[in-house]
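Each chain, letter by letter, is given below.
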Amino acid sequence: MAPIVSINNLSKTYEGGHQALRDVSLDIEEGEILALLGPNGAGKTTLISIICGIVSPTSGTVTVGGHDVVEEYRQTRALIGLVPQEITLEPFEKVIRTVSFSRGLFGKPPNRPLVEDVLGKLSLLDKKDSAINQLSGGMRRRVLIAKALSHEPRVLFLDEPTAGVDVELRKTMWDTVRDLRRNGVTIILTTHYIEEAEAIADRIGIISHGELLLAEDKAALMGRLGRKHMRIDLQAPLDDLPDGLSGYELERAEDGSFLTYTYDTQADRTGITALLNDLGKAGIRIRDVQTQQSSLEQIFVDLVKESP
Ligand SMILES: Nc1ncnc2c1ncn2[C@@H]1O[C@H](COP(=O)(O)OP(=O)(O)O)[C@@H](O)[C@H]1O
Ligand SMILES: [Mg+2]
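Residues numbered from 1 in each chain as written. Chains lettered and ligands numbered in written order. Predicted model: local features only at pLDDT ≥ 70, side-chain atom pairs only at ≥ 80, totals over all residues. Heavy atoms only, no water.

### Some words on the overall build of the protein chain
As a reminder of what qualifies: Strands are runs of DSSP state E lasting at least 2 residues, helices are runs of H or I lasting at least 4, and numbering of each runs from the N terminus. Radius of gyration: C-alpha atoms only; globule rule: 2.2 Å multiplied by the number of residues to the exponent 0.38. Burial classes follow relative accessibility: with a 1.4 Å probe on protein chains only, a residue under 20% of its type's maximum area counts as buried, one over 50% as exposed, and anything between as partly exposed. Only heavy atoms matter for contacts: two residues are in contact if any of them lie within 4.5 Å across the pair.
Of the regular secondary structure elements, the protein chain holds 10 helices and 14 strands. Its C-alpha radius of gyration of 24 Å places the protein chain more than 25% over the 19 Å reference for a compact globule of 308 residues. Here the C-alpha coordinates of the protein chain stretch approximately 80 × 45 × 40 Å along the principal axes. Taking all 308 residues of the protein chain together, 45% fall into the buried category. Pairs at least 24 residues apart make up 68% of the contacts formed inside the protein chain by residues separated by at least 6 positions.

### Observations concerning the sheet that holds strand β1 (residues 5-13)
Stated precisely, the cut-off is as follows: When DSSP finds at least two bridges between two strands, those strands are taken to pair. For helices, the axis comes from a line fit to the C-alpha atoms of the stretch in contact; other axes are also lines fit to C-alpha atoms, and the angle between any two N-to-C directions lies between 0 and 180 degrees.
Spatially, four strands are ordered β2-β1-β4-β5 in an open sheet, and the strand pairing comes out antiparallel. At either end of the open sheet lies a strand with only one pairing partner, and these are β2 (19-28) and β5 (67-68). Note: strand β4 (residues 59-64) against β5, two bridges, orientation antiparallel. Its bridge partner lying in β5, Thr-63 is registered against Asp-68. Packed onto the sheet, helix α1 (residues 44-51) meets β1, β2 and β4 and runs at close to 120° relative to β1.

### A few points about the packing of helix α3 (residues 95-105) against helix α5 (residues 137-149)
This is how it is decided: Rotating anticlockwise by less than a right angle from the far helix to the near helix defines a left-handed crossing, while the corresponding clockwise rotation defines a right-handed one. For this classification, the nonpolar set comprises Ala, Val, Leu, Ile, Met, Phe, Trp, Tyr, Cys and Pro, the charged set comprises Asp, Glu, Lys and Arg, and every other residue, Gly included, is treated as polar.
Two elements in contact, α3 and α5, have axes separated by 7 Å at closest approach and are oriented at 35°. Pair α3 / α5 crosses with right-handed handedness. Facing α3, whose interface residues are Val-95, Thr-98, Val-99 and Ser-102, α5 presents Val-143, Ala-146 and Lys-147. Its residues placed into classes, the contact of α3 with α5 shows four nonpolar, two polar and one charged.

### Section: helix α9 (residues 272-281)
What counts, and what does not: Working note: the arc is built from the helix axis to C-beta atom directions.
Of the positions making up α9, those classed as buried are Ile-272, Leu-275 and Leu-279. Buried residues of α9, seen end-on, are gathered within an arc of 60° and therefore sit on one face of the element. Summarising the geometry of α9, the exposed residues directed more than 90 degrees from the buried face are Thr-273 and Lys-281. Lining the buried residues of α9 we find β11 (227-234), β12 (250-252), β13 (258-264) and β14 (286-293).

### Quick word on the site of ligand 1
Stated formally: Nearness is judged by heavy atoms alone; a residue qualifies as near a molecule or strand once a single heavy atom is within 4 Å of it. Counting of polar contacts relies on pairs of N or O atoms within 3.5 Å, with two restrictions inside protein: one atom must be capable of donating a hydrogen and the other of accepting it, and residues adjacent in sequence are counted only when both atoms are side-chain atoms. The protein chains shown are the only cover counted for residues, whose accessible areas, like all others here, come from Shrake-Rupley with a 1.4 Å probe.
The local shell around ligand 1 consists of Tyr-14, His-18, Ala-20, Pro-39, Asn-40, Gly-41, Ala-42, Gly-43, Lys-44, Thr-45 and Thr-46. Within the backbone of Gly-43, a nitrogen or oxygen atom sits 2.9 Å from an oxygen atom of ligand 1. Residue Thr-45 places a side-chain N or O atom 2.8 Å away from an oxygen atom belonging to ligand 1. About the coverage of ligand 1: the protein hides 61% of its 560 Å² of free accessible area. When residues of the shell around ligand 1 are assigned to their parent elements, the largest contribution, three residues, is made by α1. Considered class by class, the residues forming the shell around ligand 1 number four nonpolar, six polar and one charged.

### Things to note about unusual backbone geometry
A positive phi angle is found at Glu-152, which is not glycine, with a value near 55°. Following the sequence through the fold, Glu-152 ends up in the loop between α5 and β7 (155-159). Even without being glycine, Glu-160 reaches a positive phi, approximately 50°. Position of Glu-160 relative to the elements: it lies in the loop between β7 and α6 (167-182).

### Overview of the domain arrangement of the protein chain
How we decide: Note that domain bounds follow an automatic or database assignment of domains. What gets called buried area is simply the loss in accessible area from a 1.4 Å probe that two parts show on being joined, summed for both. A side-chain nitrogen of Lys or Arg and a carboxyl oxygen of Asp or Glu constitute a salt bridge if their distance falls within 4 Å.
When the domains of the protein chain are assigned, the result is domain 1 (5-223) and domain 2 (227-306). Each of domain 1 and domain 2 has a C-alpha centre, and the two are 42 Å apart. Listed as interface residues are 14 residues of domain 1 and, on the opposing side, 11 residues of domain 2. Of the roughly 1,000 Å² buried between domain 1 and domain 2, counting both surfaces, carbon and sulfur atoms make up 78%. Scanning the region where domain 1 abuts domain 2 turns up zero salt bridges. Our enumeration of links across domain 1 and domain 2 arrives at zero residue pairs in polar contact (both at pLDDT 80 or more). For the side of domain 1 that touches domain 2, the secondary-structure elements that each account for two or more residues are α7 (194-200), β9 (203-208), β10 (211-217) and α8 (218-225).

Spelled out as structure tokens, the structure:
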């Protein structure tokens, strides 16, 4: 199947000379949840803004549903829902009017049942006649999503949907996003929370300094880049690492009660057998051993550190 969004060699240099995107290429498949993960200033909002036709690219092309976002802006924009990073709502407007109005902006005829259905999916139906300023922060975020969904887009962009949101509300947002995907909407969200990408994405794209460093299935990414850590609890605390063990990637706990050995899960040899042998030879007695997969956080920090 043709990708719903296709980004080809996209670069953006803002007036003033700052290059926010460098030769980004990426295909987004219909029905996936893609998280664009990157630190502040990486270029996430710029990328989304170009796809949504708000910012013009310096070079490269983007198509949505096969249409060019510059040449065929009206067609592509109609396929897209955008939830911006900042909350922008009229405080005295009623929820249902706000959402119906957004639908009208796309030239769609009024459709009260559809708007109520969208509100229902976002657990806002009982608030439809409330004014925006009577809603909690979490409800306002959901109104923004309802607005973005009001014209029945096939692709929904969420720019940092949970920035500055408390932990509980963040989890509710993730449930909302998963429900939307179940209803057939393709979702692209940006985040600088690693935990968020790890929790809800099918695929993760990592952006740093305007470059897309990788875009990979989440499980494959963790498997490929993941390193394992083996914690070796000792029967007696160790003051120093014996010289015979200097060849291993070993770290001693501050109180000497355990060692941590880090190894590559993809390597032919993990080195565990040799290490345990050498520990025995050095007279170090082991109480317990446990292994742990490195988190996406470690992978991310390593990658972003290495990029220019
Ligand atoms: N309108 C603009 N004019 C000039 N520079 C901009 C503009 N918008 C963003 N930038 C710069 O481009 C870089 C990427 O910004 P942005 O896409 O907002 O990153 P992110 O969303 O990942 O935090 C930043 O260095 C930012 O300062
Ligand atoms: Mg941003």
